[in-house]
Amino acid sequence: MSLNRFVLFLALALPATAFSYESIESDTISPPVDGGSGNIRGAIDGRSGNTERVNYTVGGRVNYRSRDTDMFALVEHSRAKADDTEIENASWAHLHYRDEFKRGLAAEAFLDGHKDDFQLLDSRLQLGGGLRFTLNYEPDVRAVYAGIGALYEWEDQAGRDDDYWRLNAYFAYKRQLNQQVRALFDLYYQPSLSEGRDYLIKTELGVLVKLAEQLDLKMGVRYQYDGDAPTGIESDDTAYITALNFHF
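Please read all numbers here as calculations on a predicted model, not as lab measurements.

Visitor: Mind laying out empty space enclosed by the protein, listing which residues take part and the relevant values?
Guide: Taken as a whole, this structure holds seven cavities of 30 Å³ or more when the rule is applied. Around the largest cavity, the lining is made up of 14 residues, and of these Ile24, His94, Tyr188, Gln190 and Lys202 lie nearest the centre. Residue assignment for the lining of the largest cavity shows that the elements contributing at least two residues are strand 4 (85-102), strand 5 (105-116), strand 8 (160-176) and strand 9 (181-191). Grouping the amino acids of the lining of the largest cavity by side-chain chemistry returns six nonpolar, five polar and three charged.

This is the structure:
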């Protein structure tokens, strides 16, 4: 059995875990070419008989690049049911503008929205901007970035409606391990500027295996921590991911 067939078999044998948080970093190491591009991704897992369960995650990304300016949008929706009981229903959307006005230094602005029924999160809307630094870059080999900025957040969770400023800091690392495999890591830290115990941490570690020219298998783990989660809501969420990405 070839490596690609074995990896695909392994992916289909593993449970696909729904989780509505996707990194804004692209899965590729090199910047997109001028013009439009994107990807569609999906994961589904089902059981019937003694165990009745179905869960899925679908999402996509579209990019438009013109010289040193990137604009992109992402959407993702996750839903899961077990024995006719809904156990997850979450959606996420992100709009982003980035302009590299100086080599290795870019300005960026974004709008981010998140909804999760089982975190009692009716809405979390973030509007922000900042600077992005290219720390290390070698085409098709590695890319290392860091960003710093601020965002304003409107949140409605568990009957609590609030709005405040947050710092927004992140680190992203991408590495081509061989012709077929690349690794991705990113970490976001978003503390409130008015309440020290209120902070958000979001991170993802993933591996992508090239199955075909336009098809990748993505496996990894995502983690999210809310330092000021309402009473009755767990502060942390962890998910293990197996998904197929189709690039166009």
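Visitor: Now, about the layout of surface pockets: what can you tell me, with residues and values included?
Guide: There is about 1200 Å³ of room inside the largest pocket. Taken together, 44 residues line the largest pocket, and the ones lying closest to its centre are Thr28, Ile29, Ser30, Pro31 and Pro32. Residue assignment for the lining of the largest pocket shows that the elements contributing at least two residues are strand 1 (35-47), strand 2 (53-66), strand 3 (69-82), strand 4, strand 5, strand 6 (121-138), strand 8 and strand 9. For the lining of the largest pocket, the residue count by class is 13 nonpolar, 15 polar and 16 charged.

Visitor: Describe in detail a nonpolar patch on the surface, supporting the description with residues and values.
Guide: On the surface, Phe101, Leu131, Phe133, Leu135, Ile148, Phe171 and Leu187 cluster together into a nonpolar patch covering about 590 Å² of accessible area. Ranked by residues supplied to the nonpolar patch, first place goes to strand 6 with three residues. Here Leu187 shows up in strand 9. For Leu187, a relative accessible area of 35% gives the class partly exposed.

Visitor: For the environment of Glu76, give the residues involved together with the corresponding values.
Guide: On the secondary structure map, Glu76 appears in strand 3. In this structure Glu76 comes out as buried when scored by relative accessible area, which is 4%. Counting along the chain gives 36 residues from Glu76 to Ile40, while the straight-line C-alpha distance between them is 9.9 Å. At a separation of 3.4 Å, a polar atom in the side chain of Glu76 contacts the side chain of Arg222.

Visitor: Any details on the pattern of salt bridges? Residues and values, ideally.
Guide: Oppositely charged side chains are able to pair whenever their charged atoms sit close together. Applying the stated criterion across every chain yields a total of 20 salt bridges. Between Glu76 and Arg41 there is a salt bridge whose closest N-O contact spans 3.5 Å. Of this pair, Glu76 sits in strand 3 while Arg41 sits in strand 1, and the two are 35 residues apart along the sequence. For the pair shown, Glu76 and Arg41 are each scored as buried. Residue Arg142 pairs with Glu138 through a salt bridge whose shortest N-O separation is 3.1 Å. A network of salt bridges, in which partner residues are shared, links Asp27, Arg41, Glu76, Glu204, Lys218 and Arg222.

The rules we used
- Residues numbered from 1 in each chain as written.
- Predicted model: local features only at pLDDT ≥ 70, side-chain atom pairs only at ≥ 80, totals over all residues.
- Heavy atoms only, no water.
- 1 Å grid on protein atoms, 1.4 Å probe; cavity = no way out; pocket = protein on both sides within 12 Å on 5 of 7 lines; lining within 4 Å.
- Points joined across faces, edges and corners; volume = space filled by probe spheres on them.
- Helix = DSSP H or I, 4+ residues; strand = E, 2+ residues; numbered from the N terminus.
- Nonpolar A, V, L, I, M, F, W, Y, C, P; charged D, E, K, R; others polar.
- Patch = residues over 30% accessible without salt bridge, like charges linked within 9 Å, V, L, I, M, F, W, Y side chains within 5 Å.
- Areas by Shrake-Rupley, 256 points an atom, 1.4 Å probe, with all protein chains shown as cover.
- Salt bridge = Lys/Arg side-chain N within 4 Å of Asp/Glu carboxyl O.
- Buried < 20%, exposed > 50% of the residue type's maximum accessible area, 1.4 Å probe, protein only.
- Polar contact = N/O pair within 3.5 Å; in protein donor to acceptor, adjacent residues only side chain to side chain.

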